[in-house]
Number of protein chains: 2
Amino acid sequence: MADTVTIKEVGPRDGLQSQPVHLTVEARLELVTALIDARLPEIEVGSFVSPKAVPQMADTDTLVAALPNSGCIYSVLVPNQKGYELALSAGITEMGLVVSATELMNQNNIGKGLEDTFSSAEIILERALEDGVDIHVYLAVAFECPYEGLVAPATVIDQVNRLMRCRPSRLMVADTIGAANPRAVSSLVSELVAQHGSEVLGCHFHDTRAMAMTNVFAALEHDVRLFDSAIGGLGGCPFAPGAKGNLATEDLVTLLESMGVNTGVSLEHLLTAVTTANRLLGADNYGRSYSWVSRSWQKLG
Amino acid sequence: MADTVTIKEVGPRDGLQSQPVHLTVEARLELVTALIDARLPEIEVGSFVSPKAVPQMADTDTLVAALPNSGCIYSVLVPNQKGYELALSAGITEMGLVVSATELMNQNNIGKGLEDTFSSAEIILERALEDGVDIHVYLAVAFECPYEGLVAPATVIDQVNRLMRCRPSRLMVADTIGAANPRAVSSLVSELVAQHGSEVLGCHFHDTRAMAMTNVFAALEHDVRLFDSAIGGLGGCPFAPGAKGNLATEDLVTLLESMGVNTGVSLEHLLTAVTTANRLLGADNYGRSYSWVSRSWQKLG
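Residues numbered from 1 in each chain as written. Chains lettered and ligands numbered in written order. Predicted model: local features only at pLDDT ≥ 70, side-chain atom pairs only at ≥ 80, totals over all residues. Heavy atoms only, no water.

### A few points about the relation of the copies chain A and chain B
Inference 1: Overlaying chain A with chain B gives an RMSD of 0.0 Å, the required rotation being 180° about an axis along which the chain moves by 0.0 Å. Read as a symmetry element, the transformation amounts to a two-fold axis. Measuring from the rotation axis to each C-alpha of chain A, the shortest distance belongs to Thr-214 of chain A, at 2.2 Å.
Inference 2: A share of 100% of the interface residues of chain A reappears at the interface of chain B, consistent with the copies meeting face to face through the same patch. (Least-squares fit on C-alpha atoms with pLDDT ≥ 70 in both. Contact = heavy atoms within 4.5 Å.)

### Quick look at the pairing of strand E3 (residues 73-78) of chain A
Successive residues of a regular strand alternate their side chains across the two faces of the sheet.
All names here are of chain A.
Inference 1: The element E3 is extensively covered by neighbouring structure, given that 5 of its 6 residues are classed as buried.
Inference 2: Alignment of strand E2 (residues 42-47) against E3, held across 5 bridges, turns out to be parallel. Across the sheet, residue Ile-43 finds its bridge partner in E3, namely Tyr-74.
Inference 3: For the segment spanning E2, helix H3 (residues 60-66) and E3, crossover handedness is right-handed.
Inference 4: Note: E3 against strand E4 (residues 94-100), 3 bridges, orientation parallel. Its bridge partner lying in E4, Val-78 is registered against Leu-97.
Inference 5: Taken together, E3, helix H4 (residues 81-89) and E4 constitute a β-α-β crossover, and its handedness is right-handed. (Buried < 20%, exposed > 50% of the residue type's maximum accessible area, 1.4 Å probe, protein only. Helix = DSSP H or I, 4+ residues; strand = E, 2+ residues; numbered from the N terminus. Pairing = 2+ DSSP bridges. Right-handed = clockwise from strand over helix to strand, strands pointing away.)

### Describing the interface of chain A and chain B
Inference 1: On the side of chain B, 26 residues touch chain A, which itself brings 26 residues to the contact.
Inference 2: Note on chain A versus chain B: buried area summed over both sides is about 2400 Å², and carbon and sulfur give 60% of it.
Inference 3: Between the two partners, chain A and chain B, sit 0 salt bridges.
Inference 4: The tally of links from chain A across to chain B stands at 6 residue pairs in polar contact (both at pLDDT 80 or more).
Inference 5: At the level of elements, helix H8 (182-196), helix H9 (212-220), helix H10 (249-258) and helix H12 (290-300) of chain A are the ones that each hand at least two residues to the side of chain A that touches chain B.
Inference 6: Across the side of chain A that touches chain B, the residue classes break down as 12 nonpolar, 7 polar and 7 charged. (Buried area = accessible area lost by both parts, 1.4 Å probe. Salt bridge = Lys/Arg side-chain N within 4 Å of Asp/Glu carboxyl O. Polar contact = N/O pair within 3.5 Å; in protein donor to acceptor, adjacent residues only side chain to side chain. Nonpolar A, V, L, I, M, F, W, Y, C, P; charged D, E, K, R; others polar.)

If you want it as structure tokens, here you go:
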């Protein structure tokens with residue numbers, strides 16, 4: 001098992017994009033700043049998508065321009081070539097790019113078929129290599145699709161092989177609707193790690209069925225050391241019915257640090273970020289370990 | 001990994017003993033009946049302890065006398081020889097018996113030192129072999145003690161070896177305060193299974209730090225197939241500061257059935273049992289997967 005894990009905090013993007021309250025750029029910056037204070041090594045700060053489709057992510061360019069120089073790696077999600085160009089113009093050099101493992105999820109998520117999505121991704125990946133941009137490709141609904149049901153592991157393995165030919169900086173296996181179980185994760189991840197190594201493979205889990213932590217552990221056992229999470233377990237994909245919150249960052253850090261796996265994250269300041277998010281959103285989103293951690297961070301912090 | 005797992009539902013004992021609302025025998029019977037309907041193979045229905053110490057468990061003999069003949073195995077917790085005799089008189093032939101891994105937990109839990117507790121357990125175990133009674137010995141605070149901190153695995157291994165000489169029907173490694181992490185579980189359980197086999201070894205996890213599910217998975221990987229849980233995640237030990245709820249039965253069943261591990265439990269009826277418990281207690285205790293399961297049991301049930 002790895003000694004160190006890198007957490008990418010996706011609350012400001014995957015978390016906020018599904019909230020009924022739309023935060024101002026100032027509020028989003030306040031949240032990102034709280035996350036920087038918690039020493040998250042990477043933060044996905046927003047996305048360059050149409051504000052008509054996802055109004056919560058409007059003006060991400062303004063947010064990016066206001067980000068402090070902190071040592072934290074800022075990334076954004078880009079849906080297509082246009083988003084890529086906008087992000088690059090904004091000075092971002094680490095971007096998430098989503099392709100879905102099923103035909104119907106691609107159609108529902110971005111209005112294009114699977115082959116179109118993969119071809120577009122290949123063009124962007126080629127361009128990114130020239131530009132020196134790191135692309136984290138997300139293979140969404142890699143276990144189960146809300147429209148097509150269970151996704152065959154052989155399909156996912158083929159798709160990963162195809163995407164890996166374009167040398168993404170990171171390939172994230174995404175359980176977009178929180179349907180994966182640890183046995184399936186263990187099986188798929190072991191095969192992917194055997195073929196591609198664990199350096200560029202990561203996992204993005206949602207906690208719909210309370211299995212996200214266990215899925216992380218299953219992936220860790222195969223040496224995966226790149227994980228996404230969102231403070232307070234914020235999240236849910238607006239285009240994926242049934243997609244509930246992300247794995248909560250405070251739960252992930254609790255799990256990892258309890259096992260002696262270093263994350264570099266300050267649990268004390270992470271709890272502050274959780275309360276900041278709840279204040280800004282007028283919500284009560286907490287990870288499952290929050291009440292324990294809030295009493296005990298002194299021992300762990 | 002096992003194809004089949006046996007769940008002992010401990011809500012009516014470990015769950016109810018910490019509740020501010022004290023249920024009548026009739027209400028406790030209603031809850032047990034709902035759990036029988038959910039096809040739990042084993043239910044810990046109460047304990048034969050002093051009603052002064054744990055008033056929630058008073059009149060367990062009356063409850064036992066009213067239990068239907070259902071095929072479900074009913075057990076009770078007994079603190080000592082006197083409790084053993086009372087349970088036997090009530091017709092119970094499966095009993096839980098707690099010994100704690102640390103000196104201070106034994107003193108705080110039952111007012112006796114560690115050596116006294118182990119000696120008493122040995123006498124009861126010897127007697128049970130003569131009587132044909134199944135004893136499930138619980139080794140409490142097997143990972144961390146609220147009074148003494150981390151418990152050395154070597155200590156636990158020695159204690160299990162000692163207890164195993166008296167041939168208990170089951171040896172349950174209990175994380176009484178929910179402090180275990182899956183790496184520690186994996187390490188300890190693999191050693192215990194190597195020495196004693198997995199037939200008589202089980203695990204009892206609490207979910208204080210949101211790691212109970214992951215700990216189950218870690219134990220499953222070493223072929224453990226006996227687990228305790230409580231509907232709605234009810235629980236907490238009145239004598240163990242910081243002990244929060246048990247692993248929720250609905251979460252455990254969701255995890256296991258998702259992985260293709262058979263439990264025999266009806267998720268549909270389990271949800272009814274959860275709402276029954278909440279109605280009786282005037283509470284809102286739900287497992288973490290409850291909202292998803294309640295929408296989706298049709299697919300799983």
